[in-house]
Amino acid sequence: MAILLSTPSSSSLSSSLLNLKPPSVSAFRTSSSSLFPTNTFTPKCSIFYASPIPIPIRGFGSKTSLFEVGGGNYGSYKSREISAKSSGIETGGTSSLTQSVFGVLHLIVSLGLILAMDKFLKQAFVAASIKFPSALFGMFCIFSVLIILDSTVPSAAKALVNFFEPAFLFIQRWLPLFYVPSLVVLPLYVKDIPAASGIKISLIIVGGWLATLCVAGFTAIAVRKAVNTQLVDAEPMGKPSPFSTIEVWTWTAVLITSFVVALFYPTALGTSARTCLPFLLAATVLGYIVGSGLPSNVKKVFHPIICCALSADITAYAFAYLSKSGLEPVLGYYLTKVSSNPGAGDILMGFLGSVILSFAFSMFKQRKLVKRHAAEIFTSVIISTVFSLYSTALVGRLVGLEPSLTVSILPRCITVALALSIVSLFEGANPSLTAVVVVVTGLVGANFVQGALDKLNFRDPIARGIATASSAHGLGTAALSAKEPEALPFCAIAYALNGIFGSILCSIPAVRESLLAIIG
(Lines give C-alpha, C1' and ligand atoms only; values in the text may rest on other atoms or scores of the structure.)
Protein backbone atom coordinates (compact mmCIF):
# COMPACT_ATOMS: atom_id res chain seq x y z
CA MET A 1 0.00 0.00 0.00
CA ALA A 2 1.40 3.41 -0.97
CA ILE A 3 1.10 6.57 1.11
CA LEU A 4 1.18 9.93 -0.66
CA LEU A 5 2.64 13.07 0.84
CA SER A 6 0.83 16.30 0.02
CA THR A 7 2.92 18.99 -1.62
CA PRO A 8 4.04 21.61 0.88
CA SER A 9 3.80 25.30 0.17
CA SER A 10 6.94 27.12 -0.93
CA SER A 11 7.28 28.90 2.43
CA SER A 12 6.89 25.73 4.45
CA LEU A 13 9.27 23.93 2.10
CA SER A 14 11.92 26.61 2.60
CA SER A 15 11.46 26.43 6.34
CA SER A 16 11.76 22.66 6.24
CA LEU A 17 14.90 22.72 4.14
CA LEU A 18 16.56 25.10 6.55
CA ASN A 19 15.96 22.68 9.38
CA LEU A 20 17.05 19.51 7.72
CA LYS A 21 17.84 16.65 10.09
CA PRO A 22 18.86 13.20 8.96
CA PRO A 23 16.80 10.32 10.25
CA SER A 24 18.02 8.72 13.44
CA VAL A 25 20.33 5.87 12.60
CA SER A 26 19.06 3.97 15.59
CA ALA A 27 15.65 3.92 14.01
CA PHE A 28 17.04 1.75 11.26
CA ARG A 29 19.04 -0.57 13.52
CA THR A 30 16.11 -2.90 13.97
CA SER A 31 15.74 -6.36 12.63
CA SER A 32 13.80 -6.98 9.44
CA SER A 33 10.84 -8.29 11.43
CA SER A 34 10.38 -5.03 13.35
CA LEU A 35 10.08 -2.55 10.47
CA PHE A 36 7.42 0.13 10.86
CA PRO A 37 4.15 -0.84 9.13
CA THR A 38 3.57 1.30 6.07
CA ASN A 39 0.09 2.30 7.19
CA THR A 40 1.37 3.87 10.46
CA PHE A 41 4.62 5.46 9.36
CA THR A 42 4.34 9.25 9.18
CA PRO A 43 7.57 10.69 7.76
CA LYS A 44 8.74 14.21 8.47
CA CYS A 45 10.80 16.36 6.19
CA SER A 46 14.22 14.80 5.61
CA ILE A 47 17.18 15.07 3.31
CA PHE A 48 15.49 12.60 0.99
CA TYR A 49 12.54 14.94 0.46
CA ALA A 50 13.54 17.52 -2.12
CA SER A 51 10.70 17.65 -4.61
CA PRO A 52 7.31 19.38 -4.31
CA ILE A 53 5.78 16.47 -6.23
CA PRO A 54 3.95 13.81 -4.22
CA ILE A 55 6.44 11.00 -3.58
CA PRO A 56 5.38 7.49 -2.63
CA ILE A 57 7.12 5.74 0.23
CA ARG A 58 6.72 1.99 -0.03
CA GLY A 59 7.37 -0.75 2.46
CA PHE A 60 8.43 -4.03 0.92
CA GLY A 61 7.12 -6.31 3.55
CA SER A 62 8.31 -7.55 6.90
CA LYS A 63 11.17 -9.61 5.49
CA THR A 64 13.06 -6.82 3.83
CA SER A 65 15.23 -4.17 5.41
CA LEU A 66 14.99 -1.63 2.64
CA PHE A 67 12.94 1.55 2.57
CA GLU A 68 12.44 2.95 -0.89
CA VAL A 69 12.11 6.74 -0.83
CA GLY A 70 11.10 8.32 -4.09
CA GLY A 71 13.16 7.11 -7.01
CA GLY A 72 15.97 5.84 -4.65
CA ASN A 73 16.01 3.89 -1.43
CA TYR A 74 17.41 4.47 2.04
CA GLY A 75 19.02 1.06 2.03
CA SER A 76 21.14 1.91 -1.00
CA TYR A 77 22.04 5.26 0.60
CA LYS A 78 23.09 3.51 3.80
CA SER A 79 25.03 0.98 1.75
CA ARG A 80 26.87 3.79 0.00
CA GLU A 81 27.47 5.51 3.36
CA ILE A 82 28.80 2.30 4.95
CA SER A 83 30.86 1.62 1.84
CA ALA A 84 32.37 5.10 2.04
CA LYS A 85 33.17 4.61 5.73
CA SER A 86 34.70 1.21 5.03
CA SER A 87 36.73 2.74 2.24
CA GLY A 88 37.89 5.44 4.67
CA ILE A 89 38.88 2.82 7.24
CA GLU A 90 40.71 0.83 4.61
CA THR A 91 42.46 3.98 3.37
CA GLY A 92 43.35 4.90 6.94
CA GLY A 93 44.62 1.39 7.59
CA THR A 94 46.68 1.44 4.42
CA SER A 95 48.07 4.85 5.31
CA SER A 96 48.93 3.66 8.81
CA LEU A 97 50.62 0.56 7.41
CA THR A 98 52.59 2.68 4.94
CA GLN A 99 53.70 4.99 7.74
CA SER A 100 54.77 2.00 9.83
CA VAL A 101 56.80 0.56 6.95
CA PHE A 102 58.49 3.90 6.26
CA GLY A 103 59.10 4.32 10.00
CA VAL A 104 60.89 0.97 10.16
CA LEU A 105 62.92 1.80 7.06
CA HIS A 106 63.79 5.20 8.54
CA LEU A 107 65.00 3.53 11.73
CA ILE A 108 67.05 0.95 9.84
CA VAL A 109 68.75 3.56 7.66
CA SER A 110 69.49 6.06 10.44
CA LEU A 111 70.70 3.42 12.91
CA GLY A 112 72.64 1.65 10.18
CA LEU A 113 74.51 4.84 9.32
CA ILE A 114 75.51 5.37 12.96
CA LEU A 115 76.69 1.76 13.31
CA ALA A 116 78.56 1.97 10.01
CA MET A 117 80.29 5.17 11.09
CA ASP A 118 81.29 3.60 14.40
CA LYS A 119 82.73 0.53 12.65
CA PHE A 120 84.61 2.62 10.09
CA LEU A 121 86.19 4.80 12.78
CA LYS A 122 87.25 1.76 14.83
CA GLN A 123 88.97 0.21 11.84
CA ALA A 124 90.62 3.49 10.90
CA PHE A 125 91.95 4.09 14.42
CA VAL A 126 93.26 0.52 14.69
CA ALA A 127 95.00 0.84 11.32
CA ALA A 128 96.56 4.15 12.41
CA SER A 129 97.50 2.74 15.86
CA ILE A 130 95.56 5.52 17.59
CA LYS A 131 94.52 4.61 21.13
CA PHE A 132 92.12 7.52 21.62
CA PRO A 133 88.47 6.29 21.64
CA SER A 134 87.27 6.34 18.05
CA ALA A 135 83.61 6.78 18.99
CA LEU A 136 84.50 9.86 21.01
CA PHE A 137 86.24 11.38 17.98
CA GLY A 138 83.15 10.61 15.91
CA MET A 139 80.94 12.26 18.50
CA PHE A 140 83.06 15.44 18.33
CA CYS A 141 82.79 15.40 14.53
CA ILE A 142 79.00 15.05 14.54
CA PHE A 143 78.59 17.75 17.18
CA SER A 144 80.88 20.13 15.27
CA VAL A 145 78.96 19.59 12.04
CA LEU A 146 75.66 20.28 13.80
CA ILE A 147 77.00 23.47 15.40
CA ILE A 148 78.37 24.75 12.07
CA LEU A 149 75.13 23.97 10.26
CA ASP A 150 73.10 25.58 13.04
CA SER A 151 75.05 28.84 12.65
CA THR A 152 74.92 28.83 8.84
CA VAL A 153 71.90 26.79 7.70
CA PRO A 154 69.70 26.14 10.78
CA SER A 155 67.11 24.23 8.74
CA ALA A 156 69.79 21.74 7.64
CA ALA A 157 70.89 21.14 11.26
CA LYS A 158 67.28 20.57 12.28
CA ALA A 159 66.70 18.20 9.36
CA LEU A 160 69.82 16.21 10.25
CA VAL A 161 68.73 15.86 13.88
CA ASN A 162 65.22 14.82 12.82
CA PHE A 163 66.65 12.25 10.42
CA PHE A 164 68.63 10.54 13.19
CA GLU A 165 65.87 10.90 15.79
CA PRO A 166 64.56 7.30 15.35
CA ALA A 167 68.07 5.91 15.90
CA PHE A 168 68.55 8.12 18.96
CA LEU A 169 65.24 6.96 20.48
CA PHE A 170 66.10 3.33 19.71
CA ILE A 171 69.41 3.65 21.56
CA GLN A 172 67.70 5.42 24.45
CA ARG A 173 65.02 2.72 24.64
CA TRP A 174 67.44 -0.19 24.78
CA LEU A 175 70.38 1.55 26.51
CA PRO A 176 70.50 -0.61 29.70
CA LEU A 177 70.45 -3.74 27.54
CA PHE A 178 73.86 -2.91 26.07
CA TYR A 179 75.44 -3.20 29.53
CA VAL A 180 74.05 -6.67 30.26
CA PRO A 181 76.64 -9.01 28.63
CA SER A 182 79.27 -8.37 31.30
CA LEU A 183 76.77 -9.38 34.00
CA VAL A 184 75.59 -12.47 32.14
CA VAL A 185 79.13 -13.85 31.88
CA LEU A 186 80.08 -12.69 35.40
CA PRO A 187 80.55 -16.31 36.65
CA LEU A 188 83.40 -16.72 34.15
CA TYR A 189 85.30 -13.65 35.35
CA VAL A 190 84.95 -13.73 39.13
CA LYS A 191 86.15 -17.30 39.63
CA ASP A 192 89.80 -16.24 39.39
CA ILE A 193 89.43 -13.26 41.75
CA PRO A 194 90.19 -14.06 45.44
CA ALA A 195 87.27 -13.58 47.82
CA ALA A 196 89.19 -10.96 49.84
CA SER A 197 89.84 -8.92 46.69
CA GLY A 198 86.18 -9.22 45.73
CA ILE A 199 85.13 -7.77 49.09
CA LYS A 200 87.57 -4.88 48.69
CA ILE A 201 86.27 -4.14 45.20
CA SER A 202 82.68 -4.18 46.50
CA LEU A 203 83.56 -1.68 49.23
CA ILE A 204 85.28 0.60 46.72
CA ILE A 205 82.23 0.42 44.43
CA VAL A 206 79.67 1.34 47.11
CA GLY A 207 81.82 3.83 49.01
CA GLY A 208 83.21 5.36 45.83
CA TRP A 209 79.73 5.79 44.37
CA LEU A 210 78.49 7.67 47.44
CA ALA A 211 81.64 9.81 47.66
CA THR A 212 81.47 10.77 43.97
CA LEU A 213 77.77 11.56 44.34
CA CYS A 214 78.53 13.94 47.21
CA VAL A 215 81.43 15.64 45.44
CA ALA A 216 79.45 16.22 42.23
CA GLY A 217 76.31 17.38 44.06
CA PHE A 218 77.98 19.73 46.55
CA THR A 219 80.18 21.21 43.80
CA ALA A 220 77.14 21.91 41.65
CA ILE A 221 75.33 23.57 44.56
CA ALA A 222 78.37 25.71 45.44
CA VAL A 223 78.81 26.91 41.87
CA ARG A 224 75.07 27.51 41.57
CA LYS A 225 75.20 29.83 44.56
CA ALA A 226 78.26 31.62 43.17
CA VAL A 227 76.94 32.30 39.66
CA ASN A 228 73.26 32.55 40.70
CA THR A 229 71.99 31.70 37.21
CA GLN A 230 68.24 31.39 37.01
CA LEU A 231 67.03 27.96 35.98
CA VAL A 232 65.03 27.90 32.73
CA ASP A 233 63.08 25.11 31.09
CA ALA A 234 65.14 22.70 29.03
CA GLU A 235 64.34 21.52 25.54
CA PRO A 236 61.84 18.66 25.70
CA MET A 237 63.45 15.27 25.26
CA GLY A 238 61.76 12.61 23.18
CA LYS A 239 60.63 9.49 25.00
CA PRO A 240 60.87 6.03 23.48
CA SER A 241 57.68 4.03 23.02
CA PRO A 242 56.67 1.44 25.65
CA PHE A 243 57.02 -2.26 24.97
CA SER A 244 54.06 -3.93 23.25
CA THR A 245 52.47 -7.34 23.57
CA ILE A 246 53.47 -8.12 19.99
CA GLU A 247 57.12 -7.66 20.91
CA VAL A 248 56.76 -10.03 23.85
CA TRP A 249 55.15 -12.77 21.76
CA THR A 250 57.59 -12.29 18.89
CA TRP A 251 60.66 -12.65 21.10
CA THR A 252 59.01 -15.59 22.91
CA ALA A 253 58.52 -17.36 19.59
CA VAL A 254 62.14 -16.70 18.65
CA LEU A 255 63.31 -18.03 22.02
CA ILE A 256 61.33 -21.28 21.87
CA THR A 257 61.98 -22.03 18.20
CA SER A 258 65.71 -21.31 18.22
CA PHE A 259 66.19 -23.11 21.56
CA VAL A 260 64.68 -26.31 20.15
CA VAL A 261 66.66 -26.01 16.91
CA ALA A 262 69.94 -25.49 18.80
CA LEU A 263 69.15 -28.43 21.08
CA PHE A 264 68.76 -30.90 18.22
CA TYR A 265 71.11 -29.26 15.69
CA PRO A 266 73.96 -27.62 17.70
CA THR A 267 75.72 -26.28 14.60
CA ALA A 268 72.71 -25.47 12.45
CA LEU A 269 74.03 -21.95 11.76
CA GLY A 270 77.62 -23.02 11.24
CA THR A 271 79.01 -22.72 14.78
CA SER A 272 77.65 -23.31 18.27
CA ALA A 273 77.90 -19.61 19.13
CA ARG A 274 75.85 -18.57 16.10
CA THR A 275 73.30 -21.31 16.70
CA CYS A 276 72.88 -20.27 20.34
CA LEU A 277 72.78 -16.57 19.50
CA PRO A 278 69.03 -16.26 18.68
CA PHE A 279 67.65 -17.86 21.86
CA LEU A 280 70.23 -16.26 24.18
CA LEU A 281 69.51 -12.85 22.65
CA ALA A 282 65.75 -13.44 22.90
CA ALA A 283 66.10 -14.48 26.56
CA THR A 284 68.07 -11.31 27.29
CA VAL A 285 65.55 -9.04 25.57
CA LEU A 286 62.55 -10.76 27.16
CA GLY A 287 64.13 -10.43 30.59
CA TYR A 288 64.55 -6.70 30.06
CA ILE A 289 60.99 -6.23 28.80
CA VAL A 290 59.52 -8.19 31.72
CA GLY A 291 61.78 -6.43 34.22
CA SER A 292 60.77 -3.03 32.86
CA GLY A 293 57.12 -3.87 33.48
CA LEU A 294 57.59 -4.74 37.15
CA PRO A 295 56.03 -2.46 39.81
CA SER A 296 58.17 0.47 40.94
CA ASN A 297 58.66 -0.86 44.47
CA VAL A 298 59.90 -4.18 43.05
CA LYS A 299 62.27 -2.48 40.61
CA LYS A 300 63.96 -0.67 43.50
CA VAL A 301 65.36 -4.03 44.60
CA PHE A 302 65.06 -6.09 41.42
CA HIS A 303 66.31 -3.76 38.69
CA PRO A 304 65.29 -4.64 35.08
CA ILE A 305 68.92 -5.21 34.13
CA ILE A 306 69.24 -7.83 36.90
CA CYS A 307 66.08 -9.52 35.65
CA CYS A 308 67.59 -9.34 32.18
CA ALA A 309 70.89 -10.98 33.19
CA LEU A 310 69.12 -13.68 35.24
CA SER A 311 66.84 -14.49 32.31
CA ALA A 312 69.85 -15.05 30.04
CA ASP A 313 71.73 -17.08 32.69
CA ILE A 314 68.72 -19.30 33.46
CA THR A 315 68.20 -19.96 29.76
CA ALA A 316 71.90 -20.75 29.35
CA TYR A 317 71.75 -23.12 32.32
CA ALA A 318 68.64 -24.86 30.91
CA PHE A 319 70.34 -25.36 27.55
CA ALA A 320 73.55 -26.56 29.21
CA TYR A 321 71.58 -29.07 31.29
CA LEU A 322 69.48 -30.41 28.43
CA SER A 323 72.34 -30.54 25.94
CA LYS A 324 74.80 -31.82 28.59
CA SER A 325 77.38 -29.34 27.30
CA GLY A 326 78.12 -27.54 30.59
CA LEU A 327 77.38 -23.97 31.66
CA GLU A 328 80.80 -22.44 30.98
CA PRO A 329 80.87 -23.33 27.27
CA VAL A 330 77.35 -21.90 26.79
CA LEU A 331 78.32 -18.66 28.54
CA GLY A 332 81.39 -18.65 26.31
CA TYR A 333 79.03 -18.76 23.31
CA TYR A 334 77.21 -15.73 24.72
CA LEU A 335 80.26 -13.46 24.58
CA THR A 336 82.95 -14.76 22.23
CA LYS A 337 84.74 -11.44 21.52
CA VAL A 338 85.41 -12.76 18.02
CA SER A 339 83.89 -10.65 15.25
CA SER A 340 83.76 -13.57 12.81
CA ASN A 341 81.87 -15.76 15.29
CA PRO A 342 79.74 -13.42 17.44
CA GLY A 343 77.43 -14.36 20.27
CA ALA A 344 74.38 -12.57 21.65
CA GLY A 345 76.54 -10.50 24.00
CA ASP A 346 78.80 -9.39 21.15
CA ILE A 347 75.75 -8.13 19.24
CA LEU A 348 74.56 -6.09 22.22
CA MET A 349 77.97 -4.67 23.06
CA GLY A 350 78.36 -3.75 19.41
CA PHE A 351 75.94 -0.88 20.08
CA LEU A 352 78.15 0.73 22.74
CA GLY A 353 79.99 2.85 20.19
CA SER A 354 76.69 4.13 18.79
CA VAL A 355 75.74 5.22 22.33
CA ILE A 356 78.78 7.52 22.37
CA LEU A 357 77.98 8.88 18.91
CA SER A 358 74.42 9.63 20.03
CA PHE A 359 75.83 11.95 22.71
CA ALA A 360 76.38 14.50 19.93
CA PHE A 361 72.65 14.78 19.26
CA SER A 362 71.65 14.95 22.93
CA MET A 363 74.21 17.70 23.64
CA PHE A 364 73.20 19.61 20.51
CA LYS A 365 69.55 19.54 21.54
CA GLN A 366 70.48 20.95 24.94
CA ARG A 367 73.14 23.39 23.67
CA LYS A 368 71.28 26.43 25.02
CA LEU A 369 71.04 24.79 28.43
CA VAL A 370 74.72 23.87 28.37
CA LYS A 371 75.67 27.42 27.45
CA ARG A 372 73.48 28.96 30.14
CA HIS A 373 74.65 26.63 32.93
CA ALA A 374 78.17 25.95 31.65
CA ALA A 375 79.81 26.96 34.94
CA GLU A 376 77.80 24.51 37.04
CA ILE A 377 77.94 21.64 34.54
CA PHE A 378 81.60 21.75 33.49
CA THR A 379 83.01 22.53 36.93
CA SER A 380 81.05 19.76 38.64
CA VAL A 381 81.74 17.14 35.98
CA ILE A 382 85.48 17.86 35.77
CA ILE A 383 85.97 17.83 39.54
CA SER A 384 83.89 14.68 40.08
CA THR A 385 85.68 12.85 37.23
CA VAL A 386 89.14 13.72 38.58
CA PHE A 387 88.01 12.76 42.09
CA SER A 388 86.62 9.43 40.92
CA LEU A 389 89.82 8.39 39.12
CA TYR A 390 92.30 9.47 41.78
CA SER A 391 90.25 8.39 44.81
CA THR A 392 89.86 4.90 43.32
CA ALA A 393 93.62 4.64 42.82
CA LEU A 394 94.32 5.88 46.34
CA VAL A 395 91.76 3.72 48.13
CA GLY A 396 92.86 0.67 46.14
CA ARG A 397 96.38 1.14 47.44
CA LEU A 398 95.24 1.83 51.01
CA VAL A 399 93.17 -1.36 51.23
CA GLY A 400 95.90 -3.44 49.61
CA LEU A 401 94.07 -4.33 46.40
CA GLU A 402 96.24 -5.87 43.69
CA PRO A 403 97.54 -3.17 41.26
CA SER A 404 96.12 -4.96 38.20
CA LEU A 405 92.66 -5.06 39.79
CA THR A 406 92.88 -1.43 40.89
CA VAL A 407 93.76 -0.34 37.36
CA SER A 408 90.83 -2.36 36.04
CA ILE A 409 88.30 -0.56 38.25
CA LEU A 410 89.65 3.00 37.77
CA PRO A 411 86.86 4.13 35.37
CA ARG A 412 84.07 2.74 37.60
CA CYS A 413 81.90 5.85 37.17
CA ILE A 414 82.30 6.13 33.38
CA THR A 415 80.01 4.51 30.83
CA VAL A 416 81.08 1.04 29.64
CA ALA A 417 82.04 1.97 26.09
CA LEU A 418 84.50 4.65 27.19
CA ALA A 419 85.61 2.76 30.31
CA LEU A 420 86.82 -0.12 28.13
CA SER A 421 88.71 2.36 25.96
CA ILE A 422 90.30 3.92 29.05
CA VAL A 423 91.59 0.65 30.57
CA SER A 424 93.03 -0.34 27.19
CA LEU A 425 95.52 2.49 27.74
CA PHE A 426 96.91 0.71 30.83
CA GLU A 427 99.04 -2.41 30.83
CA GLY A 428 97.75 -5.48 32.67
CA ALA A 429 94.13 -4.32 33.04
CA ASN A 430 91.22 -6.75 32.89
CA PRO A 431 88.55 -5.28 30.55
CA SER A 432 85.97 -7.88 31.61
CA LEU A 433 86.30 -6.86 35.26
CA THR A 434 86.07 -3.20 34.20
CA ALA A 435 82.76 -3.82 32.45
CA VAL A 436 81.36 -5.69 35.46
CA VAL A 437 82.42 -3.00 37.95
CA VAL A 438 80.96 -0.21 35.79
CA VAL A 439 77.62 -2.03 35.48
CA VAL A 440 77.45 -2.84 39.19
CA THR A 441 78.23 0.80 40.03
CA GLY A 442 75.38 1.84 37.74
CA LEU A 443 73.04 -0.64 39.40
CA VAL A 444 73.89 0.67 42.87
CA GLY A 445 73.20 4.20 41.69
CA ALA A 446 70.00 3.30 39.86
CA ASN A 447 68.56 1.65 42.99
CA PHE A 448 69.66 4.12 45.66
CA VAL A 449 70.46 7.45 43.99
CA GLN A 450 67.12 9.15 44.60
CA GLY A 451 67.04 8.18 48.27
CA ALA A 452 70.62 9.37 48.71
CA LEU A 453 69.89 12.69 46.99
CA ASP A 454 66.93 13.25 49.29
CA LYS A 455 68.97 12.39 52.39
CA LEU A 456 71.70 14.81 51.30
CA ASN A 457 69.03 17.47 50.76
CA PHE A 458 69.93 18.01 47.10
CA ARG A 459 66.79 19.74 45.85
CA ASP A 460 68.16 21.64 42.87
CA PRO A 461 67.48 19.79 39.55
CA ILE A 462 70.94 20.69 38.24
CA ALA A 463 72.68 19.23 41.29
CA ARG A 464 70.50 16.11 41.23
CA GLY A 465 71.08 15.48 37.52
CA ILE A 466 74.84 16.06 37.59
CA ALA A 467 75.36 14.04 40.79
CA THR A 468 73.37 11.11 39.37
CA ALA A 469 75.22 10.94 36.06
CA SER A 470 78.65 11.54 37.56
CA SER A 471 78.26 8.63 39.99
CA ALA A 472 75.97 6.17 38.19
CA HIS A 473 76.35 7.06 34.47
CA GLY A 474 73.83 5.51 32.03
CA LEU A 475 71.86 3.31 34.41
CA GLY A 476 71.38 6.21 36.80
CA THR A 477 70.21 8.37 33.92
CA ALA A 478 67.70 5.70 32.87
CA ALA A 479 66.41 5.41 36.45
CA LEU A 480 65.95 9.18 36.68
CA SER A 481 64.26 9.62 33.29
CA ALA A 482 60.72 8.66 34.31
CA LYS A 483 60.67 10.23 37.79
CA GLU A 484 62.48 13.57 37.50
CA PRO A 485 62.05 15.04 34.01
CA GLU A 486 63.31 18.46 35.14
CA ALA A 487 66.67 16.95 36.17
CA LEU A 488 66.95 14.57 33.21
CA PRO A 489 68.51 17.02 30.70
CA PHE A 490 71.33 17.84 33.14
CA CYS A 491 71.76 14.15 33.85
CA ALA A 492 72.04 13.34 30.14
CA ILE A 493 74.57 16.13 29.57
CA ALA A 494 76.70 15.17 32.57
CA TYR A 495 76.51 11.51 31.52
CA ALA A 496 78.07 12.39 28.17
CA LEU A 497 80.62 14.87 29.50
CA ASN A 498 81.74 12.59 32.33
CA GLY A 499 82.92 9.95 29.88
CA ILE A 500 84.43 12.55 27.57
CA PHE A 501 86.56 14.17 30.28
CA GLY A 502 87.57 10.80 31.71
CA SER A 503 88.77 9.63 28.31
CA ILE A 504 90.64 12.86 27.61
CA LEU A 505 92.35 12.80 31.01
CA CYS A 506 93.48 9.19 30.71
CA SER A 507 94.76 9.76 27.17
CA ILE A 508 97.33 12.20 28.64
CA PRO A 509 100.51 10.22 29.48
CA ALA A 510 101.29 12.37 32.54
CA VAL A 511 97.87 11.59 34.04
CA ARG A 512 98.28 7.85 33.47
CA GLU A 513 101.75 7.91 35.04
CA SER A 514 100.47 9.78 38.10
CA LEU A 515 97.65 7.27 38.57
CA LEU A 516 100.04 4.34 38.27
CA ALA A 517 102.39 6.01 40.76
CA ILE A 518 99.57 6.22 43.30
CA ILE A 519 98.53 2.61 42.71
CA GLY A 520 102.14 1.51 43.23
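Keep in mind the model is a prediction, meaning the values are calculated, not measured.

What counts as what
- Residues numbered from 1 in each chain as written.
- Predicted model: local features only at pLDDT ≥ 70, side-chain atom pairs only at ≥ 80, totals over all residues.
- Heavy atoms only, no water.
- Buried < 20%, exposed > 50% of the residue type's maximum accessible area, 1.4 Å probe, protein only.
- Helix = DSSP H or I, 4+ residues; strand = E, 2+ residues; numbered from the N terminus.
- Arc of directions from axis to C-beta.
- Contact = heavy atoms within 4.5 Å.
- Patch = residues over 30% accessible without salt bridge, like charges linked within 9 Å, V, L, I, M, F, W, Y side chains within 5 Å.
- Areas by Shrake-Rupley, 256 points an atom, 1.4 Å probe, with all protein chains shown as cover.
- Salt bridge = Lys/Arg side-chain N within 4 Å of Asp/Glu carboxyl O.
- Axes fitted to C-alpha atoms, helices over the stretch in contact; angles between N-to-C directions.
- Left-handed = near helix turned anticlockwise from the far one by under 90°.
- Nonpolar A, V, L, I, M, F, W, Y, C, P; charged D, E, K, R; others polar.

### Here we look at helix H13 (residues 327-334)
Residues of H13 that are buried include every one of Val-330, Leu-331 and Tyr-334, and no others. For H13, the angular spread of buried residues about the axis comes to 100°, placing them on one side. Close packing links the buried residues of H13 with helix H6 (181-184), helix H7 (186-190), helix H10 (272-292), helix H12 (304-323) and helix H14 (344-349).

### Some details on a nonpolar patch on the surface
A contiguous nonpolar patch, built from Leu-97, Val-101, Phe-102, Val-104, Leu-105 and Ile-108 and spanning about 600 Å² of accessible area, is present on the exposed surface. Relative to the assigned elements, Leu-105 resides in helix H2 (residues 74-127). By relative accessible area, Leu-105 is classed as partly exposed at 44%.

### Details of the pattern of salt bridges
Under the criterion given, the structure shown has 8 salt bridges. Two residues, Asp-460 and Arg-224, come together in a salt bridge whose shortest N-O distance is 3.3 Å. Of this pair, Asp-460 sits in the loop between helix H20 (431-455) and helix H21 (461-481) while Arg-224 sits in helix H8 (residues 195-227), and the two are 236 residues apart along the sequence. The exposure class assigned to Asp-460 is partly exposed, which follows from its relative accessible area of 21%. With a shortest N-O distance of 3.1 Å, Arg-464 and Asp-454 are connected by a salt bridge. Of this pair, Arg-464 sits in helix H21 while Asp-454 sits in helix H20, and the two are 10 residues apart along the sequence. Shared partners join several salt bridges into a network, and the residues in it are Arg-224, Glu-376 and Asp-460.

### Some words on the packing of H10 against H12
Taken N-terminus to C-terminus, the directions of H10 and H12 make an angle of 145°; their axes are 7 Å apart at the nearest point. In this structure, H10 crosses over H12, and the sense of that crossing is right-handed. Two secondary-structure elements touch here, H10 through Cys-276, Phe-279, Leu-280, Ala-283, Thr-284, Gly-287, Tyr-288, Gly-291 and Ser-292 and H12 through Pro-304, Cys-307, Cys-308, Ser-311, Ala-312, Thr-315, Ala-316 and Phe-319. Across the contact of H10 with H12, the residue classes break down as 11 nonpolar, 6 polar and no charged.

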